[in-house]
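Residues per chain are reported as follows:
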Amino acid sequence: MFKKKCLSACLLVILFVMMIFVPVQSVQAAGLDSIVSTLAQSTVSSEASTGGGGLVNELLDLLFNKILGPVLNIFNGKAASSSNTSSAKITPLPSGNAGSVVDSGVLRGKVIVVDPGHGGSNPGAVANNDREADNNLAVGLKLKDKLSAAGAKVILTRSTDRTVAPEGSSLGQELESRVSLAETNHADMFISIHSNENPDSSIAGAMTFYHSAKSPQLALSVQSELIKATGAVDKGTSPATYYVLRNTSMPGILVEMGFVSNAAEAGRLQNDSYQNNIAQGIYAGVVKYFNNR
Ligand SMILES: [Zn+2]
């Protein structure tokens, strides 16, 4: 009787050890790059994936966070999602650092409109000594440099602190001026850059909006690369009906880089190297999007 019990216990231990180590070894054999790629394509923000759950999700959480996470030390405690099966090849960016992007040649000849939101008499959101229009312009200029260096033809809707339509125009005319720059130049892509605000100053994070069924993949690519490059709170992607997205015919996104109403994030949004990380993240997302088409 004792022997039988001992044997069963041993078998259980062996089974448990195999459950833990066999998947780890096979995943490691597949290479760190592919693991990072798979997880980097997570389409669900960390907030969303901590919600409902279910046994499979709990098992995945256990596998990725409790077992693979500590082993590979790359997940920062975030839940992984396997919902996106796209087979993108991504060169992972070190968190908080600008990195290189593979196959940026896809940008050659692409016409991309970069639209730093607000400007001139319209500073956008203002809090914590941070003006949205200034953040938007600084990142827009850096993004233009990166896209241009890869061969894209970049059109900035504004390159100084000014309105796009003549000063004193209506908001409708101002937004229409931005849209018409994209339309008359037959742009391949429209990227509007903004900073967010909220009465709750504890809210921070980056999110990417798109219009209807036109650009969800672009939004997902940019959002995931943006989070990788900045380490910002991932507030996910969302459809929206903003004028500049609704009225442009090419794939377009509106990136809310962070909240000026959050003191810490307002500080980062004004920091030159953080602005560079944002631009690098958006750039990497755009490259990934064109590579996957
Ligand atoms: Zn704005």
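Structure first, text after, so check above.
Residues numbered from 1 in each chain as written. Predicted model: local features only at pLDDT ≥ 70, side-chain atom pairs only at ≥ 80, totals over all residues. Heavy atoms only, no water.

(A) Spatial organisation of helix α7 (residues 216–230). For α7, which comprises 15 residues, the first-to-last C-alpha distance of 21 Å matches the rise-based estimate of 21 Å (1.5 Å per residue) to within 8%. Among the 15 residues of α7, 12 are classified as buried, and the element is accordingly described as predominantly covered. Looking one or two places after α7, you find Gly231, whose phi comes out positive at around 70°. (Helix = DSSP H or I, 4+ residues; strand = E, 2+ residues; numbered from the N terminus. Expected span 1.5 Å × (residues − 1). Buried < 20%, exposed > 50% of the residue type's maximum accessible area, 1.4 Å probe, protein only.)

(B) Representation of the sheet that holds strand β6 (residues 206–210). Read across the sheet, six strands follow the order β4-β1-β5-β8-β6-β7 without closing on themselves; strand pairing throughout is mixed. In this open sheet, the two strands that pair with only one neighbour each are β4 (153–156) and β7 (234–239). Mean inter-strand twist for the sheet, computed between neighbouring axes without regard to direction, equals 20°. Two elements, strand β5 (residues 189–196) and strand β8 (residues 252–259), share six bridges in a ladder whose sense is parallel. Paired with His194 across the bridge in β8 is Glu256. Seen against the sheet, helix α5 (residues 132–149) touches β1 (111–116), β4, β5 and β8 and runs at an angle of roughly 145° to β5. (Pairing = 2+ DSSP bridges. Axes fitted to C-alpha atoms, helices over the stretch in contact; angles between N-to-C directions. Contact = heavy atoms within 4.5 Å.)

(C) Quick peek at the packing of aromatic side chains. In the structure shown here, the tally under the stated rule is two aromatic pairs. Judged by centre distance (5.3 Å) and plane angle (85°), the rings of Phe209 and Tyr242 are edge-to-face. Remark: Tyr242 occurs in the loop between β7 and α8 (243–246) and Phe209 occurs in strand β6; sequence separation between them is 33 residues. Overall, Phe209 belongs to the buried group, its relative accessible area being 10%. Under the relative-accessibility criterion, Tyr242 is labelled partly exposed at 36%. Seen from their ring centres, Tyr289 and Phe290 are 5.4 Å apart, and the 65° between their planes marks the pair as edge-to-face. An identical accessibility class is assigned to Tyr289 and Phe290; each is buried. Here the guanidinium or amino end of Lys110 rests over the ring plane of Phe290, the centre of that ring lying 4.9 Å away. Positioned above the aromatic ring of Tyr274, the side-chain terminus of Arg268 is 5.9 Å from the ring centre. (Phe/Tyr/Trp six-rings, centres within 6.5 Å; stacked < 30°, edge-to-face > 60°. Lys NZ or Arg CZ within 6 Å of the ring centre and 35° of its normal.)

(D) Seen up close, the nonpolar core. Counting residues in each nonpolar core, the largest one holds 37 residues, and the members touching the most others are Leu107, Ile112, Leu143, Leu147, Ile191, Ile282 and Val286. Put simply, the parts of the chain that give this core at least two residues each are β1, α5, β4, β5, β6, α7, β8 and α10 (272–291). Top element by residues in this core is α10. It accounts for nine residues. Sequence-distant contacts of Leu107, defined by excluding residues within four places in its chain, comprise Ile112, Leu147, Ala150, Gly151, Ala152, Tyr283, Val286, Val287 and Phe290. In this structure, Val179, Ala182, Met207 and Met250 belong to the second largest nonpolar core, which totals 14 residues. (Core = buried A, V, L, I, M, F, W, Y, C linked by side-chain atoms within 4.5 Å.)

(E) Broad picture of the pattern of salt bridges. A full pass over the atoms with the stated rule returns eight salt bridges. Of the charged contacts, one joins Asp272 and Lys142 as a salt bridge, the two residues approaching to 2.7 Å between their closest N and O atoms. Here Asp272, found in helix α10, pairs with Lys142, found in helix α5; they are 130 residues apart in sequence, far enough to count as distant. Taking the shortest distance from any N to any O, the salt bridge between Arg268 and Glu265 comes out at 3.8 Å. Of this pair, Arg268 and Glu265 both sit in helix α9 (residues 263–269), separated by three residues, roughly a single helical turn. (Salt bridge = Lys/Arg side-chain N within 4 Å of Asp/Glu carboxyl O.)

(F) Seen up close, the packing of α7 against α10. Interhelical geometry of α7 versus α10 gives an angle of 145° and a closest axis separation of 7 Å. Considering the relative orientation of α7 and α10, their crossing is right-handed. Taken together, the residues of α10 that come into contact with α7 (itself represented by Gln217, Leu218, Ser221, Val222, Ser224, Glu225, Leu226, Ala229 and Thr230) are Tyr274, Asn277, Ile278, Gly281, Ile282, Ala284, Gly285, Val286, Lys288 and Tyr289. In the contact of α7 with α10, the residues fall into 10 nonpolar, seven polar and two charged. (Left-handed = near helix turned anticlockwise from the far one by under 90°. Nonpolar A, V, L, I, M, F, W, Y, C, P; charged D, E, K, R; others polar.)

(G) Structural context of the environment of Ala149. With respect to the helices and strands, Ala149 occurs in helix α5. Linking Ala149 and Leu107, residues 42 residues apart in sequence, is a C-alpha distance of 9.4 Å.

(H) Summary view of α10. Compared with an ideal rise of 1.5 Å per residue, which puts 20 residues at 28 Å, α10 spans 28 Å between its outermost C-alpha atoms and is within 8% of the ideal. Taking burial as the measure, the 20 residues of α10 include 16 buried ones, the bulk of the element.

(I) The arrangement of the coordination of the zinc ion in detail. Protein coordination at the zinc ion: the donors are His118 (NE2), Glu132 (OE) and His194 (ND1), at 2.1 Å from the metal. In the primary structure, the donors to the zinc ion are separated according to the pattern H-x13-E-x61-H. Of the two residues, Glu132 sits in helix α5 while His194 sits in strand β5, which places them 62 residues apart along the sequence. You can call Glu132 buried: its relative accessible area is 3%. (Donors = N, O, S within 2.8 Å, 3.2 Å for Na, K, Ca; no water.)

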